[in-house]
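A look at the structure
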Amino acid sequence: MADPLAPTVPTPPGDDAPGEATPTTAVGHMVRAAPVADPLERAVARAKAAEALFGEAAAVKVGRYRLIERAGAGGMGVVWSAWDPELNRGVALKLASAGDDAARARARDEGRALARLSHPNVVPIYDVFEAPEGVFLVMELVKGKTLEQHIVPKGLPWVEIWPWVRGILEGLACAHASGVVHRDLKPANIMISPQGVKILDFGLARHSDLTAVTLTGQGMG
């Protein structure tokens, strides 16, 4: 059976035409990391190998979500493209904790930060749940390239970047009005999609009504 998420799975490095930037999605906005032999990744690799050899394989699931591909990783978590069989749509599934209490608290806070925001320039969150691997955030799967991927190779002039900057400022204004400060805004955390600018990764956000989970003198991000 054809993979229902195949059109939205990021293109592996090296598959693009010469000189063409590699496309990505919001699930892989941070870093296209080298393979890491974690249990979920090993399970997905085994399932893909079994499907190639025998034509079928059991789906690798976390909660109700079927993992498709590990798309990226960064300081605030590992991100997967996944399929939601109940709503019949692709999603971004972020393992936002490393398993300890502090990491799980940050993940839950990120979920709260995104859940309170409703703005076209902020990637929405659909769900937060805990599994044996940690706390997962379920988010919109957005196709596009990061602002960093746009400006670094092309050196775009200010006049072309300004419409994106305006969208970023409008998204931040919505967040600030809700008492959320991003604290990790950078070109790699901004997605430029066909639908417009999307602000990503609120893993270090500070909330006006929540206790900070970082300590004085502690560096993160």
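Quick note: structure is the one above.
What comes next concerns the included structure.

Conventions used here
Residues numbered from 1 in each chain as written. Predicted model: local features only at pLDDT ≥ 70, side-chain atom pairs only at ≥ 80, totals over all residues. Heavy atoms only, no water. Helix = DSSP H or I, 4+ residues; strand = E, 2+ residues; numbered from the N terminus. Expected span 1.5 Å × (residues − 1). Contact = heavy atoms within 4.5 Å. Phe/Tyr/Trp six-rings, centres within 6.5 Å; stacked < 30°, edge-to-face > 60°. Buried < 20%, exposed > 50% of the residue type's maximum accessible area, 1.4 Å probe, protein only.

**Focus: helix H2 (residues 101-115)**
Its 15 residues place the ends of H2 21 Å apart at the C-alpha level, agreeing with the 21 Å of an ideal helix rising 1.5 Å per residue. Looking at the packing, one finds that the buried side of H2 touches strand S5 (89-95), strand S6 (125-131), strand S7 (134-140), strand S9 (180-181) and strand S12 (206-207).

**A few points about the packing of aromatic side chains**
The geometry of two aromatic rings is summed up by the distance between their centres and the angle between their planes. What the rule picks out here adds up to 3 aromatic pairs. A centroid spacing of 5.7 Å and a plane angle of 20° characterise the contact between Tyr 65 and Phe 129, whose relative ring orientation is stacked. With Tyr 65 in strand S3 (residues 65-74) and Phe 129 in strand S6, the pair connects residues that are 64 residues apart, well separated along the chain. Judged by relative accessible area, which is 3%, Tyr 65 ranks as buried. Judged by relative accessible area, Phe 129 falls into the buried class, the value being 16%. On the basis of an interplanar angle of 35° and a centroid distance of 6.1 Å, the ring pair of Trp 158 and Trp 162 is categorised as tilted. Placement of both Trp 158 and Trp 162 in helix H4 (residues 158-177) is noted, with a separation of 4 residues, approximately one turn of the helix.

By themselves, these figures tell us nothing about what the structure is for.
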